[in-house]
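The chain contents come next:
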Amino acid sequence: MTSRNHQLFEQSQQYIPGGVNSPVRAFKSVGGEPVFFQRGEGAYFWDADGKQYIDYVGSWGPLILGHAHPDVVKTVQAVVQNGLTFGAPTEAELDIAKLICQLLPSIEQVRLVSSGTEAGMSVIRLARGFTGRSKIIKFEGCYHGHDDSLLVKAGSGALTFGNPSSAGVPAETAGHTIVLDFNDIAGVEEAFNKWGKEIAAVIVEPVAGNMNLIAPKADFLAKLRALCTQNGSVLIFDEVMTGFRVGLGCAQGLYQIKPDLTALGKVIGGGMPMAAFGGRRDIMQYLAPLGPVYQAGTLSGNPVAVAAGLATLKLIQAPGFYDRLADRTRQLVDGLSATAKNHGIDFCAQSIGGMFGLYFSKDIPTSFAEVMQCDKAAFNRFFHAMLEEGVYFAPSAFEAGFVSAMHGDAELNKTLSAAEKIFKSW
Ligand SMILES: *Cc1c(COP(=O)(O)O)cnc(C)c1O
């Protein structure tokens, strides 16, 4: 019997490259075929064959309130009736801009865009326009969207310019990007010694969540802040993933560092295509129409997306929201670690706020090189076994996981018993 999932995937591959609209969805990393989804509610979603899963991906981060939160859905339904887009300013855009500025003291002005990729490419252009410099520093394993200048991996040798990590990116473009090791402040110091006043910006995920989860070492972010200040470079925190995910103050609140510019996305759109970037007023005023740095968008600040975002940002401000979310996420990783340990499996896990990392290794990795040494085959086995049990983790050993406010004791217990069953016969 062929499943509906299988049929849909077969047909999709004829019309869509790889059958998916974003590569990681294709299950290439874990093998097998992707699951097609039909419906979601709270912590659960159902595939095309009607099978139920507990969702630990949350659409890769946005769904901090779970699927189809009634307040968000109601708000969206109400605004949809008033028109889908105007291409002109609306009051709701002012409301969300004000709210973002209130919640993040580093942001004095903010502009809305439609994806994290747009936010990433816009902050880079803005930092270059503001400083009049071309070079940027990024860290291996950090993802900032698929802008040409950010699709770059380390060159050979520590202090060389990067190479394109995708075909179609000109070497000249990648040549302005210096790729260093996350958590290696000595490498950053060396780069500043060599190129100091040529560096427009350092862009970093303050908690790296696109190479599994890597926490910043003590002082790493503070030293980035100091080096940028000394050299007149713009410090950019890419909080597209960590923003309103690790806490109400985002990662910059958690680690008490004030970046010059911040990119936001995922949670702030409440499941709709919305992202933003903002920061120091003097930098933001370099943007058109005030300044010389061009940036625009037909659907920027789309009223439906903004409504979903506002409804989400309202709910996450409830007292104790992030304490509960962080507790729940910690219970998940502690439970999984304990189960694995009981059965003598080299596995560890950690969480920060509502995001977590699972590692098939003895110790928690602190660098890209270490995370690459985790046992990928073991992860893939675990992933498929959990999927079979109705627990959906990210289909790759190199992605962070997410817990929503709708994940309760029942979901946690089901997840831990599934893991117990799998690790017992490992
Ligand atoms: C998801 C992500 C992006 C890209 O956002 P899209 O909306 O997928 O374009 C950029 N930066 C980080 C840190 C992300 O996690």
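Residues numbered from 1 in each chain as written. Predicted model: local features only at pLDDT ≥ 70, side-chain atom pairs only at ≥ 80, totals over all residues. Heavy atoms only, no water.

By the naming in an unreviewed UniProt entry, the protein chain goes by Glutamate-1-semialdehyde 2,1-aminomutase and is assigned to Nitrosomonas oligotropha. For the record of the protein chain, the UniProt heading Cofactor (unreviewed entry) holds the text "pyridoxal 5'-phosphate". (UniProt positions renumbered as here; feature names shortened; annotations may be inferred.)

Below, the discussion takes up the site of the ligand. Taken together, the neighbourhood of the ligand is formed by S115, G116, T117, Y143, H144, G145, E205, N210, D238, V240, M241 and K266. Y143 has a polar backbone atom sitting 3.2 Å from a nitrogen atom of the ligand. Residue K266 places a side-chain N or O atom 2.6 Å away from an oxygen atom belonging to the ligand. Burial of the ligand by the surrounding chains reaches 81%, relative to a free accessible area of 380 Å². Within the shell around the ligand, the residues separate by chemical class into three nonpolar, six polar and three charged. (Near = heavy atom within 4 Å. Polar contact = N/O pair within 3.5 Å; in protein donor to acceptor, adjacent residues only side chain to side chain. Areas by Shrake-Rupley, 256 points an atom, 1.4 Å probe, with all protein chains shown as cover. Nonpolar A, V, L, I, M, F, W, Y, C, P; charged D, E, K, R; others polar.)

A few words now on the nonpolar core. Formed by 109 residues in total, the largest nonpolar core has its most connected members in F139, L224, F244 and F393. If one sorts the elements of this core by residue count, helix α11 (residues 321–342) sits on top with seven residues. Contacts of F393, omitting those with residues within four sequence positions, involve Y56, V57, L336, F356, L358, F382, F383, M386 and T415. Membership of the second largest hydrophobic core comes to 22 residues, among which are A119, V123, A201 and V234. (Core = buried A, V, L, I, M, F, W, Y, C linked by side-chain atoms within 4.5 Å. Buried < 20%, exposed > 50% of the residue type's maximum accessible area, 1.4 Å probe, protein only. Helix = DSSP H or I, 4+ residues; strand = E, 2+ residues; numbered from the N terminus. Contact = heavy atoms within 4.5 Å.)

Taken as a whole, this structure holds nine salt bridges when the rule is applied. Among the salt bridges present, the one from R280 reaches D260, with a minimum N-O distance of 3.1 Å. With R280 in the loop between β12 (275–279) and α9 (281–284) and D260 in the loop between α8 (250–254) and β11 (261–264), the pair connects residues that are 20 residues apart, well separated along the chain. On the accessibility criterion, R280 (29% relative accessible area) is partly exposed. Residue D260 is classed as buried on the basis of its relative accessible area, which comes to 5%. The closest approach of N and O atoms between D282 and R280, which form a salt bridge, is 2.8 Å. The network of salt bridges with common partners includes R225, D260, R280 and D282. (Salt bridge = Lys/Arg side-chain N within 4 Å of Asp/Glu carboxyl O.)

Under the definition given, this model contains zero disulfides. We note that C142 lacks a disulfide partner, and the nearest cysteine sulfur, in C228, lies 14 Å from it. Among the residues examined, C142 registers a relative accessible area of 5% and is labelled buried. Of the cysteine sulfurs around C348, a residue in no disulfide, the closest is that of C374, at 7.0 Å. (Disulfide = S-S within 2.5 Å.)

Strands sit in the order β4-β12-β11-β10-β9-β5-β8 across an open sheet of seven strands; the sheet is mixed. Of all strands in the sheet, those bounded by a partner on one side alone are β4 (109–113) and β8 (177–180). Taking the axes of each pair of neighbouring strands and ignoring which way they run, one obtains an average angle of 20° across the sheet. Sheet topology places strand β5 (residues 135–139) next to β8; four bridges connect them, and they run parallel. Bridging across to β8, F139 finds its partner in L180. Running at roughly 125° to β4, helix α3 (residues 91–103) makes contact with β4 and β11 of the sheet. (Pairing = 2+ DSSP bridges. Axes fitted to C-alpha atoms, helices over the stretch in contact; angles between N-to-C directions.)

This part takes up the UniProt feature "modified residue: N6-(pyridoxal phosphate)lysine" (unreviewed entry) in the protein chain. With numbering aligned to this structure, UniProt lists the feature "modified residue: N6-(pyridoxal phosphate)lysine" (unreviewed entry) at K266. Along the chain, the position of K266 falls in the loop between β11 and β12. In this structure K266 comes out as partly exposed when scored by relative accessible area, which is 24%. Those residues in contact with K266, other than ones at most four positions away along the chain, are W60, G61, P62, V240, M241, G271 and M274.

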